[in-house]
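Summary of structural features
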Amino acid sequence: MSKLIKPASPSEKILTSRRKFLKTASIGGAAAAATTLSAPYVNAQAPIRWRLQTYSGAPLGAHVIKPQIDAFNAAANGEMEIELYYADQLVPTSELFRALQNGTLDAVQSDEATMASPVDISVFGGYFPFATRYSLDVTALFRYYGLQEIWEEAYNEVENVTWLSAGAWDPLHIFTVDKPIRSLADMNGLRVFGVPTAGRFLSKYGLIPVTVPWDDVEVAMQTGELDGVAWCGFTEAYEVGWADVCNYALTNSVTGAWFGSYFANTESWEKVPPHLQELYRITIDQSHYYRLGWYWGGEAKLRVEGEKMELTSIPPEEWATVVKDAEGFWDEVAASSERAGKVVDAFKLYAANMEKAGYPYR
């Protein structure tokens, strides 16, 4: 005898339908979640794009800027990309500041003197005579002797330019093509490519600063337009090929480290979200760290093992007059503005502390 099946009530039909829906939704949702978790990251918005130009040509830029930009672009995960341009590629180096301020460039790596920053501390950018002995002096001066705050204050007064960080490059030596320097008199009449502040100081001894595009320096030395360079240390001279043209290297160093900075167009900087601003600052620090080792190791190794240039030197008693002359240069610059005076005061205090501290600081 067949068993009679009672028809489902309207409420039971609704309950059954609801269970089927929840089961189906659960399976579909789990599948969708698995797909989402396994899918690669896709940035829904177009990436922020910056154009950055450095003061350096491509051979040098491969060390002083490219590793940082490559690292940032990789870590930005598609949210931002920086296009890197070398010296004079988009604008002449002398116009870097103006191009940064008007937004032609979003960022710049340079020293103040080379890019003609309209601030009263621009003279300290690049090579300021005898302000440093070692590259770590730059870091210490900015961190412990107030230069960080002074630089921030100066650029806060400039419209649409944000100063981000300063770091150290190499010491300053003079490399010449066919005229060795063994006395101060040998500098007289030499036409050299160099950083403005150092050139201004060395002109006291008859050196003639000449400005040409960075990529033209080697040819200018080959054709006799330039007698040499007062722009860098041994590491750069070998890396960029100037050691192949120059026959002599003066071991007396005008200063121990170049001051270089990173700048951003303020409007561009404020459009970057905080996590990418922090990433950019981190990679700037990475760049500072990379250069410390690259320059420091290279300077010593190439002075000892480098065979392309003959080493010359000015006798210590004669070079002492140059060091003494720098004191007057410092005082002259200090008198140019209250803020410049604060920087010189920091240099003097720092130098005194290093001498008192002794080895290994001095």
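All figures in this text were calculated on a predicted structure; none of them were measured in a lab.

**With respect to the overall build of the protein**
- When helices and strands are counted, the protein shows 14 helices and 11 strands.
- The buried share among the 362 residues of the protein stands at 49%.
- A separation threshold of at least 6 residues defines the contact pool for the protein, and within that pool the share at least 24 residues apart is 81%.
- About 18,000 Å² of surface is accessible on the protein, with carbon and sulfur atoms providing 55% of the total.

**Considering the sheet that holds strand β2 (residues 80-85)**
- Judged by pairing direction, the sheet is mixed, and its five strands sit side by side in the order β2-β1-β3-β10-β4 without closing on themselves. Taken across any chain shown, the strands that pair with only one partner, and hence form the sheet edges, are β2 and β4 (161-168). Direction aside, neighbouring strands of the sheet carry axes that sit 20 degrees apart on average.
- Across the sheet, helix α12 (residues 274-305) touches β1 (48-54), β2, β3 (107-110), β4 and β10 (259-265), and the angle it forms with β4 is around 25 degrees.

**Focus on unusual backbone geometry**
- A cis amide bond links Tyr359 with the next residue in sequence, Pro360, at an omega value of 5 degrees.
- Even without a glycine there, the phi angle at Asp88 is positive, about 70 degrees.
- Of note, Asp88 is situated in the loop between β2 and α4 (96-101).
- Phi is positive for Phe130, which is not a glycine, with a value near 60 degrees.
- Position of Phe130 relative to the elements: it lies in the loop between α5 (112-115) and α6 (136-144).

**A short note on the pattern of salt bridges**
- Counted under the stated rule, the structure contains 16 salt bridges.
- Here Lys179 and Asp227 are joined by a salt bridge, their closest N and O atoms 3.6 Å apart. Here Lys179 is found in the loop between β5 (173-176) and β6 (191-194), whereas its partner Asp227 is found in the loop between α9 (217-222) and β8 (228-232), with 48 residues between them in sequence.
- According to the relative accessible area criterion, Lys179 is partly exposed, its value standing at 39%.
- Under the relative-accessibility criterion, Asp227 is labelled buried at 5%.
- The shortest N-O distance in the salt bridge between Asp331 and Lys348 comes to 3.0 Å. You can see Asp331 sitting in helix α13 (residues 316-334) and its partner Lys348 sitting in helix α14 (residues 338-357), a full 17 residues away along the chain.
- On the basis of relative accessible area, Asp331 is assigned to the partly exposed category, the value being 41%.
- Residue Lys348 is classed as partly exposed on the basis of its relative accessible area of 39%.
- Residues joined in a network through salt bridges with shared partners are Asp120, Glu153, Glu157 and Arg339.

**Quick look at the nonpolar core**
- Counting 114 residues, the largest nonpolar core has Phe124, Trp151, Tyr155, Met187, Trp242, Tyr280 and Phe347 as its most contacted members.
- Not counting the four nearest positions on each side in its chain, Phe347 is found in contact with Phe124, Phe128, Ala131, Leu141, Leu147, Phe259 and Trp330.

**A word on the confidence of the model for the protein**
- In this model, the protein carries a mean pLDDT of 90, and residues with pLDDT of at least 70 account for 88%.
- Note on residues 1-7: pLDDT is under 50 here. Beyond four places in sequence and across chains, it has zero contacts.
- Confidence over residues 10-42 falls short of pLDDT 50; this stretch has three contacts with residues more than four positions distant or in other chains.

**Observations concerning the packing of helix α7 (residues 147-156) against α14**
- One way to put it is that α7 packs onto α14 with a least axis distance of 10 Å and a crossing angle of 165 degrees. Here α14 runs roughly antiparallel to α7, going by the angle between their axes. The element α7 and its partner α14 pack so that their crossing is left-handed. Across the interface between the two elements, Leu147, Ile150, Trp151, Glu153 and Ala154 of α7 pack against Arg339, Lys342, Val343, Ala346 and Phe347 of α14.
- A breakdown of the residues in the contact of α7 with α14 according to their chemical character gives seven nonpolar, no polar and three charged.

**A look at the sheet that holds strand β11 (residues 310-312)**
- Ordered in space as β7-β6-β8-β5-β9-β11, the six strands form an open sheet in which the pairing is mixed. Two strands lie at the open edges of the sheet, namely β7 (208-210) and β11, each paired on one side alone. The sheet shows a mean angle of 30 degrees between the axes of neighbouring strands, taken without regard to direction.
- Pairing analysis gives three bridges linking β6 to β7, with the strands arranged parallel. When the sheet's bridge partners are listed, Val192 is paired in β7 with Pro209.

**Comments concerning the packing of α6 against α14**
- Where α6 contacts α14, the two axes come as close as 11 Å, and the packing angle between them is 120 degrees. Classified by the angle their axes make, α6 and α14 are oblique. Note that α6 runs across α14; the crossing there is right-handed. Between α6, through Asp137, Ala140 and Leu141, and α14, the contact on the second element is made entirely by Ala346, Phe347 and Tyr350.
- Per-class residue counts for the contact of α6 with α14 are five nonpolar, no polar and one charged.

About the cut-offs
- Residues numbered from 1 in each chain as written.
- Predicted model: local features only at pLDDT ≥ 70, side-chain atom pairs only at ≥ 80, totals over all residues.
- Heavy atoms only, no water.
- Helix = DSSP H or I, 4+ residues; strand = E, 2+ residues; numbered from the N terminus.
- Buried < 20%, exposed > 50% of the residue type's maximum accessible area, 1.4 Å probe, protein only.
- Contact = heavy atoms within 4.5 Å.
- Areas by Shrake-Rupley, 256 points an atom, 1.4 Å probe, with all protein chains shown as cover.
- Pairing = 2+ DSSP bridges.
- Axes fitted to C-alpha atoms, helices over the stretch in contact; angles between N-to-C directions.
- Salt bridge = Lys/Arg side-chain N within 4 Å of Asp/Glu carboxyl O.
- Core = buried A, V, L, I, M, F, W, Y, C linked by side-chain atoms within 4.5 Å.
- pLDDT = per-residue confidence, 0-100.
- Parallel < 35°, antiparallel > 145°, perpendicular 65-115°, else oblique.
- Left-handed = near helix turned anticlockwise from the far one by under 90°.
- Nonpolar A, V, L, I, M, F, W, Y, C, P; charged D, E, K, R; others polar.

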